[in-house]
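Summary of structural features
Residues per chain are reported as follows:
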Amino acid sequence: MGEDGRLTAVVALAQGMAAAHTPRESWRAAALGACRALGGSFAALSVWERELGRLRVLVNVGNRAQGEEEFPGDETYPVHQFPEITEFLHERWVAGGEPNAWVETAEGPAAGQPGYCHQRVAALRRRGRGCCVVAPIVLNGRAWGELYVARSAGVPVFDRGDADFATVLASVVAAGLAQSERLEEARRLAFTDALTGLANRRAVDVRLEEAIERHRDQGVVVSLVVCDLNGLKHVNDTRGHAVGDRLLERFGSVLSLCGAMLPGALAARLGGDEFCLLVVGSPADDVVKAADELCRRAAELELGEGVACGVASTEDPIGPVRSARRLFRLADAAQYQAKAVRADRPVVAGREGEDDPVVRLADAEPSGEGAVERRRFRGRLP
């Protein structure tokens, strides 16, 4: 490939990563772009997990051998099997060298010659590949992982020029990964409550809409626990907002702990003193049990006055749930009933017979697009 072709390949790789919407798409674009640019038959992107002492494969593309998944769940390799990730990167780079790529062949080391790596050579032979080029990826001044591109046996092996080009490609991948991580962090912050670290109302709205769609299409059980933390205003007024924030954080931890009782539950702060758990797939009785535990633990907090907790589940006799709005209204009404009667246990919509007061109250409220959904039940309950 000439200089113009390589420049085109670099641009294509950068554009592919820039167009990615998720980390997985970014990893795949990086590996595919590098594989095409280097004329490889297979490519992989791996991250160095320092705390676990291992390389974890993020993506495999191209002609995958048996057992190689595109996005492997747990394909990892102890770093001691590939000492160059530490020795070559750190000893040579920190000493003033560059994190250059190198080539391994099925017969042993080639261009770059970081030292014979038995594991890589054995892997090449086992998978019918003739050679590979390994390019360190450096992100924010630290070794992040590596880009690996291989060619099938029987075709020309990579040379020094290919290794140098792989070094360039790795720097382009590093820039793309940095951008992807910044975007992912921005997305995370957009769906996270800054004080508690829980999900926020926006995250709940998105997940609840998706869950209700699954309920309509597949009959999946969807449950919502809405909580109102009692006594926060009193704490703020008498002990200051810093102490009130501590109460919110502490209750957020309790909510997260109780949510962990339910697989895949989303714990969220809706705003102010209002929190919720969104649960998909668990039986309603399990959700009520977790909500009961939440009430018990909240009552034991040294600050505040416990929590008012309402539950609504599509598994209970609450009528058809065709929208996220209705389930939210039912859980909200149950929570306000719990608050009105100072219940120390959760109130569950639909469990008081045909004329259930929570269902009646929720469905009596206006449900037009402009209706104010929250705080409308104050003063409506005995």
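Look above for the structure.
Residues numbered from 1 in each chain as written. Predicted model: local features only at pLDDT ≥ 70, side-chain atom pairs only at ≥ 80, totals over all residues. Heavy atoms only, no water.

1. Structural notes on the overall build of the protein chain
The helix and strand inventory of the protein chain stands at 11 helices and 12 strands. Within the span of the protein chain, comprising 382 residues, buried residues form 51% of the whole. A fraction of 64% describes how many contacts in the protein chain between residues 6 or more apart in sequence connect residues 24 or more apart. Total accessible area computed for the protein chain in this model is approximately 18,400 Å², and 49% of it derives from carbon and sulfur atoms. (Helix = DSSP H or I, 4+ residues; strand = E, 2+ residues; numbered from the N terminus. Buried < 20%, exposed > 50% of the residue type's maximum accessible area, 1.4 Å probe, protein only. Contact = heavy atoms within 4.5 Å. Areas by Shrake-Rupley, 256 points an atom, 1.4 Å probe, with all protein chains shown as cover.)

2. A word on the side chain of Ser 26
Checked against the element boundaries, Ser 26 lands in helix α2 (residues 23-37). In contact with Ser 26, not counting residues within four places along its chain, are Met 17, Ala 20, Gly 176, Leu 177 and Ser 180.

3. As for the state of the cysteines
Considering all chains together, one arrives at 0 disulfides under this definition. Among the cysteines around Cys 131, which has no disulfide bond, Cys 132 carries the closest sulfur, lying 7.1 Å off. Lacking any disulfide linkage, Cys 295 is separated from the closest cysteine sulfur, that of Cys 309, by 4.3 Å. Given a relative accessible area of 3%, Cys 295 falls into the buried group. (Disulfide = S-S within 2.5 Å.)

4. As for α2
Its 15 residues give α2 an end-to-end C-alpha distance of 21 Å, which sits within 8% of 21 Å, the value for a rise of 1.5 Å per residue. Of all the residues in α2, the buried ones are Ser 26, Trp 27, Ala 29, Ala 30, Ala 31, Leu 32, Gly 33, Ala 34, Cys 35 and Ala 37. Buried residues in α2 make contact with α1 (3-18), β1 (42-49), β2 (54-62), β7 (142-152) and α5 (160-190). A positive backbone phi angle near 65 degrees is found at Gly 39, which sits one or two residues after α2. (Expected span 1.5 Å × (residues − 1).)

5. Comments concerning the packing of aromatic side chains
Going through the model one piece at a time under the given rule, you end up with 2 aromatic pairs. Judged by centre distance (6.2 Å) and plane angle (75 degrees), the rings of Phe 42 and Tyr 148 are edge-to-face. Of this pair, Phe 42 sits in strand β1 while Tyr 148 sits in strand β7; the two residues are 106 residues apart in sequence, bridging distant segments of the chain. Like Phe 42, the residue Tyr 148 is buried in the burial classification. Between the aromatic rings of Phe 251 and Phe 275, the centroid separation amounts to 4.9 Å while the plane-to-plane angle is 75 degrees, which identifies the pairing as edge-to-face. Pair noted here: Phe 251 is in helix α8 (residues 241-259) and Phe 275 is in strand β10 (residues 274-280), with a separation of 24 residues, a long-range link. Across the pair, exposure class does not vary: Phe 251 and Phe 275 are buried alike. In this structure, Arg 129 is placed above the aromatic ring of Phe 42, and the distance from its NZ or CZ to the ring centre is 3.8 Å. Across the ring face of Phe 191, the terminal group of Arg 202 is positioned such that the distance to the ring centre comes to 6.0 Å. (Phe/Tyr/Trp six-rings, centres within 6.5 Å; stacked < 30°, edge-to-face > 60°. Lys NZ or Arg CZ within 6 Å of the ring centre and 35° of its normal.)

6. Regarding the pattern of salt bridges
Scanning the entire structure with this criterion turns up 21 salt bridges. Two residues, Glu 49 and Arg 56, come together in a salt bridge whose shortest N-O distance is 2.5 Å. By relative accessible area, Arg 56 is classed as partly exposed at 27%. The structure contains a network of salt bridges with shared partners spanning Glu 49, Arg 54, Arg 56 and Asp 74. (Salt bridge = Lys/Arg side-chain N within 4 Å of Asp/Glu carboxyl O.)

7. Brief notes about the pairing of strand β4 (residues 102-105)
Going residue by residue along β4, you find Trp 102 and Glu 104 tucked away on one face and Val 103 and Thr 105 tucked away on the opposite face as well. With 4 bridges joining them, β4 and strand β6 (residues 129-139) adopt antiparallel strand pairing. Across the sheet, Thr 105 pairs through a bridge with Cys 131, a residue of β6. (Pairing = 2+ DSSP bridges.)

8. Observations regarding empty space enclosed by the protein
Using a probe with the size of a water molecule, rolled over the atoms, empty space left in the structure can be pinpointed. Here the structure, examined in full by the defined rule, presents 1 cavity of 30 Å³ or more. Looking at the largest cavity, its volume works out to about 70 Å³. Elements supplying a minimum of two residues to the lining of the largest cavity: α1, α2 and α5. With 5 residues, α5 is the largest single contributor of residues to the lining of the largest cavity. Tallied by class, residues from the lining of the largest cavity come to 5 nonpolar, 5 polar and 2 charged. (1 Å grid on protein atoms, 1.4 Å probe; cavity = no way out; pocket = protein on both sides within 12 Å on 5 of 7 lines; lining within 4 Å. Points joined across faces, edges and corners; volume = space filled by probe spheres on them. Nonpolar A, V, L, I, M, F, W, Y, C, P; charged D, E, K, R; others polar.)

9. Regarding the nonpolar core
Counting residues in each nonpolar core, the largest one holds 40 residues, and the members touching the most others are Leu 45, Val 133, Ile 137, Leu 147, Leu 169 and Val 173. Elements supplying a minimum of two residues to this core: α1, α2, β1, β2, β6, β7 and α5. A per-element tally of this core places α5 first, with 10 residues. Those residues in contact with Leu 147 that sit more than four places away from it in its chain are Ala 31, Ala 34, Ala 44, Leu 45, Val 133, Val 134, Ala 135, Ile 137, Leu 169, Ala 170 and Val 173. Counting 32 residues, the second-largest nonpolar core is a separate cluster that includes Val 204, Ile 212, Val 347 and Ala 362. (Core = buried A, V, L, I, M, F, W, Y, C linked by side-chain atoms within 4.5 Å.)

10. Here we look at the environment of Gly 145
As for its placement among the helices and strands, Gly 145 is situated in strand β7. Judged by its relative accessible area of 0%, Gly 145 is buried. Expressed as a C-alpha distance, the spacing of Gly 145 and Val 57, which sit 88 residues apart in the sequence, is 9.4 Å.

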